[in-house]
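Breakdown of the fold
Single-letter residue listing:
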Amino acid sequence: MGLCLLMERITKAKVKDCFKDEEGTVYFVVGKGEFGKAVGKAGSSIKKVQQELGRKVKVIEYSDSVTEFIRNIIHPLTAAEIVEDGSGLISIKEPYKKAKSLLIGRGGKNIKLLNRAVKRFFNYEVKVV
């Protein structure tokens, strides 16, 4: 809660949620259209937040569409196709091995983070195929 308030105070962007990963990186999910405000001109706002916290900070823009939200999380990577099936499973289809390995991450770190972020707002599980 304190992290969200700090982020809002410095950036003036509405924060929907925040969480940390095992390495200490703090992820902030900001409201739709608030990404630019959260990052600031030339990254100035996000740099202030990083200095305050003494940790690396990443910003994710929220979207009501689960596929758009996933695209925002994996940015700057792109996926060839994100398919939502009716059973609560979303498949990220990527034909290139290099991009696929970046999406999954070492030891599955990135896909775990992706699933964690998606499950906070939507009832879906994400896999890379």
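These lines cover the structure that appears in this document, whether it is placed above or below. Please read all numbers here as calculations on a predicted model, not as lab measurements.

With that settled, consider the overall build of the chain. Helix and strand counts for the chain stand at six helices and six strands. Order of helices (α) and strands (β) in the chain, N terminus to C terminus: α-β-β-α-α-β-α-β-β-α-α-β. By the compact-globule yardstick of 14 Å for 129 residues, the chain fits well, its C-alpha radius of gyration being 15 Å. By its C-alpha atoms, the chain is 40 × 30 × 25 Å across when sized along the principal axes. Only carbon and sulfur atoms are counted for the fraction: they give 51% of the accessible area of the chain, which is about 7,700 Å². Separation of charge centres in the chain, based on 25 positive and 15 negative side chains, amounts to 6 Å.

A few words on the environment of Ile-10. Position of Ile-10 among the secondary structure elements: in helix H1 (residues 2-11). The spatial distance from the C-alpha of Ile-10 to the C-alpha of Glu-52 is 9.6 Å, given a sequence separation of 42 residues. Those residues within four positions of Ile-10 in sequence are excluded, and the remaining contacts are Ser-45, Lys-48, Val-49 and Glu-52.

Taken together, the buried positions of helix H4 (residues 66-74) are occupied by Val-66, Phe-69, Ile-70, Ile-73 and Ile-74. End-on view of H4: buried residues confined to an arc of 130°, all on one side of the axis.

A few words now on the packing of aromatic side chains. According to the stated counting rule, one finds six aromatic pairs in the structure shown. Seen from their ring centres, Phe-19 and Tyr-27 are 5.4 Å apart, and the 15° between their planes marks the pair as stacked. Summarising the aromatic geometry, the rings of Tyr-62 and Phe-122 are spaced 6.2 Å apart at their centres and angled 5° between planes, so their arrangement reads as stacked. Taken together, the residues Tyr-62 in the loop between strand E3 (57-61) and H4 and Phe-122 in the loop between helix H6 (109-121) and strand E6 (125-128) connect sequence positions 60 residues apart.

With five of five residues buried, strand E2 (residues 26-30) is to be regarded as a mostly interior element. Alternating positions in E2 separate into two faces, Val-26, Phe-28 and Val-30 on one and Tyr-27 and Val-29 on the other, with burial throughout. Relative to E2, strand E1 (residues 15-20) runs antiparallel, the two sharing five bridges. Paired with Asp-17 across the strands is Val-29, a residue of E2. In this structure, E2 lies alongside E3, joined through five bridges in parallel fashion. Along E3, the bridge assignment pairs Tyr-27 with Lys-58.

The three strands are arranged E1-E2-E3 in an open sheet whose pairing can be described as mixed. Only two strands of the sheet have a single partner each, and these edge strands are E1 and E3. Direction aside, the axes of adjacent strands within the sheet are offset by 20° on average. Where H6 meets the sheet, its contacts fall on E1 and E2, and the angle it forms with E1 comes to roughly 145°.

Residues Phe-69, Ile-70, Ile-92, Leu-114, Val-118 and Val-126 are the most contacted members of the largest nonpolar core, which totals 24 residues. For this core, the secondary structure elements donating two or more residues are E2, H4, strand E5 (89-93), H6 and E6. Counting residues in hydrophobic clusters, the runner-up holds 15 residues, among them Val-15, Phe-28, Val-30 and Val-57.

Reading guide: rules and limits
Residues numbered from 1 in each chain as written. Predicted model: local features only at pLDDT ≥ 70, side-chain atom pairs only at ≥ 80, totals over all residues. Heavy atoms only, no water. Helix = DSSP H or I, 4+ residues; strand = E, 2+ residues; numbered from the N terminus. Rg over C-alpha atoms; globule rule 2.2 N^0.38 Å. Areas by Shrake-Rupley, 256 points an atom, 1.4 Å probe, with all protein chains shown as cover. Lys, Arg positive; Asp, Glu negative; His and termini not counted. Charge placed at Lys NZ, Arg CZ, Asp CG, Glu CD. Contact = heavy atoms within 4.5 Å. Buried < 20%, exposed > 50% of the residue type's maximum accessible area, 1.4 Å probe, protein only. Arc of directions from axis to C-beta. Phe/Tyr/Trp six-rings, centres within 6.5 Å; stacked < 30°, edge-to-face > 60°. Pairing = 2+ DSSP bridges. Axes fitted to C-alpha atoms, helices over the stretch in contact; angles between N-to-C directions. Core = buried A, V, L, I, M, F, W, Y, C linked by side-chain atoms within 4.5 Å.

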